[in-house]
Amino acid sequence: MPSATPEPSPAHVVLGVSGGIAAYKAVEVLRRLRERGYHVTPVLTREATRFVGAATFSALASEPARIELYGDPTTPIPHTHLGQRADVVVVVPATAHLIARYAAGLADDLLSATLMATRAPVLVCPAMHTEMYEQPSVQENLATLRRRGVLVLEPESGVLAGGDAGMGRLPDPSVIADLVTRIVEGYRGPLSGYRVLISAGGTREPIDPVRVITNRSSGRQGYALAEVAQRLGARVTLVSATHRELALDVATNVEVIPVDTAAEMAEMVLGRAPDQDVVIMAAAVADYTVEPAAQKIKRDGTERTLVLRPTIDILASLVAARASGQVLVGFAAETDDVLARGREKLERKGVDLLVVNDVGAPGAGFDHETNEVTILGRDGSFTSVSLRSKADVAAAILTRVAALLSQGDR
Ligand code: CTP
């Protein structure tokens, strides 16, 4: 008898439920996930059971709802078992308390321990009163989670418990179920499926075997872009001219191509650009280079002249050879008249977005941990990003990039 092709095993979804009134909507999410054929294990906090009983979840799920970290007769370590087996973990609703525990790395019940024990993508769906949602503590915890690659589904505005209205309502269960399906199918964030090339650092043009002409770019903004782009789902190539000890998070899977000179950077960037959906030129590329002397130039007391030859303008070459639908992002370092010069440069360069660094502002630009930029769009739009970490600036830039990719009408 011909052997039957085995059915592919269904995706495993851990449905975490924390203690908020929107817990009743998690029942509907569970039902929809089961309809799509997923194996769903509900994991409830004790507070969640004050809103909806575990029996309701157990009756609809693929296996009984779990609450306790200890005392499970089938396994002494339910959190690692659940975390390892999961293809996706979704928390509906995520209360302020659950979000805080997750951001802090606490693991004091089965749900928080499962979140710690999984390498699967995690989607948290916050739902709470507007006053709580807007607390800086909640927003900072969510920003921390996002930076670590957790997907956060923004709550909606609408009627809340007690007749109040405002931001904080859980989106419709069908929206959550659709997002879980996209995650199961490979969605890791708004840059999922896109290839992004980023250049970083300051190039070095040799004068002789020991001396170089370079600039003060550290490469930190480019590295932050690479990390965040990867966490938003992109396949990332980083052409790096940095000479600092910059480490990418070990969890990232970024291809790093080290280069030294503007010519090497041009070769690597232009060689790979045709395959990329997005190219971000965050590097400070030398505008001029010199013919290096073969031997170390000796000090002989005479005056010397270096002849500066212009380098290739990589961004201009990218624009000239732009593949259809490709998004090109340039950076500009300005010290005065930042907006007007930025706008003029955007037009001249023909890029989709220009990130203007006010390198004269305190705490911003070269060699700082923080940055403050204005993102100018070809459509005349601009976003001012006030002083914040380079990772958060990267997130703001990549959000604009993702919006352009989703429009697809550049
Ligand atoms: N850039 C490039 N190739 C170069 C020099 C710069 O691709 N040879 C890119 C940078 O990576 C940056 C953008 O061009 O994204 C703007 O660089 P900037 O030095 O600010 O602008 P310039 O074109 O050099 O203009 P100006 O010197 O007049 O300010």
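Thresholds applied
Going along each chain's sequence as written, the residues are numbered from 1 onward. Thresholds applied to this predicted model are a pLDDT of at least 70 for local features of residues and 80 or more for the giving and counting of side-chain atom pairs; totals over whole chains, interfaces and linings are not thresholded and use all residues. Only hydrogens and water are removed before side-chain values are computed, so all heavy atoms of the structure are retained for them. Neighbouring residues are identified by heavy atoms, a residue being near a molecule or strand if any of them is within 4 Å of it. Definition of a polar contact: a pair of N or O atoms within 3.5 Å, with one able to donate and the other able to accept a hydrogen when the atoms are protein atoms, and with sequence-neighbouring residues admitted only if both atoms are side-chain atoms. For accessible areas, the Shrake-Rupley method is used with a probe of radius 1.4 Å. Any residue's cover is judged against the shown protein chains and nothing else. Only runs of H or I of at least four residues qualify as helices and only runs of E of at least two qualify as strands under DSSP, and these elements are numbered from the N terminus. For patch detection, residues must exceed 30% relative accessible area and be free of salt bridges, and they are connected within 9 Å for like charges or within 5 Å for nonpolar side chains (Val, Leu, Ile, Met, Phe, Trp, Tyr). Salt bridges are counted wherever a side-chain nitrogen of Lys or Arg sits within 4 Å of a carboxyl oxygen of Asp or Glu. The buried label applies to any residue whose accessible area, calculated with a 1.4 Å probe on protein chains only, is under 20% of its type's maximum; exposed applies above 50%, and partly exposed to all values in between. Here the rule is simple: two strands pair whenever DSSP picks up at least two bridges between them. A fitted line through C-alpha atoms represents every axis, and for helices the fit uses only the stretch in contact; the resulting angles, taken between N-to-C directions, go from 0 to 180 degrees. These domain limits were set by an automatic method or by a database of domain assignments.

**Points about the site of the ligand**
By nearness alone, 16 residues border the ligand, and M281, A283, F331, K345 and K349 come closest of all. In this structure, D287 approaches the ligand through a side-chain N or O atom, which is 3.0 Å from an oxygen atom. Interatomic distance of 2.8 Å between a backbone N/O atom of L315 and an oxygen atom of the ligand. The protein chains hide 77% of the 580 Å² of surface that the ligand would expose on its own. Breaking the shell around the ligand down by element, the ones donating at least two residues are helix 11 (314-320), strand 16 (327-334) and helix 12 (338-349). With four residues, the single largest contributor to the shell around the ligand is strand 16.

**Topic: a nonpolar patch on the surface**
Side chains of I21, Y24 and F51 sit close together on the surface and give an oily, nonpolar patch of about 320 Å² of accessible area. Assignment of secondary structure puts I21 in the loop between strand 1 (12-17) and helix 1 (23-35). With a relative accessible area of 49%, I21 lands in the partly exposed category.

**Re the sheet that holds strand 4 (residues 122-126)**
Here five strands make up an open sheet; going across it, the order is 2-1-3-4-5 and the pairing parallel. The two strands at the open ends of the sheet, each matched to only one other strand, are strand 2 (39-44) and strand 5 (151-152). In terms of strand pairing, strand 4 meets strand 5 through two bridges, oriented parallel. Bridge assignment links V124 to a residue of strand 5, and that residue is V152.

**A word on unusual backbone geometry**
A cis amide bond links V92 to the next residue, P93, at an omega of -10 degrees. Among the secondary structure elements, P93 is positioned in strand 3 (residues 88-94). Look at D337: it is not a glycine, yet its phi comes out positive at around 55 degrees. Here D337 lies in the loop between strand 16 and helix 12.

**A closer look at the sheet that holds strand 16**
Taken in spatial order, the eight strands of this open sheet run 12-11-8-13-16-17-18-19, and their pairing is mixed. Taken across any chain shown, the strands that pair with only one partner, and hence form the sheet edges, are strand 12 (255-258) and strand 19 (382-389). In this sheet, neighbouring strand axes are inclined to one another by 20 degrees on average, regardless of whether the strands run parallel or antiparallel. Looking at chain direction, strand 16 and strand 17 (residues 353-358) are connected through six bridges and run parallel. Looking at strand 17, one finds that E334 is bridged to D358.

**Quick look at the domain arrangement of the protein**
Domain boundaries assigned for the protein yield domain 1 (12-184) and domain 2 (195-406). For domain 1 and domain 2, the distance between their C-alpha centres works out to 39 Å.

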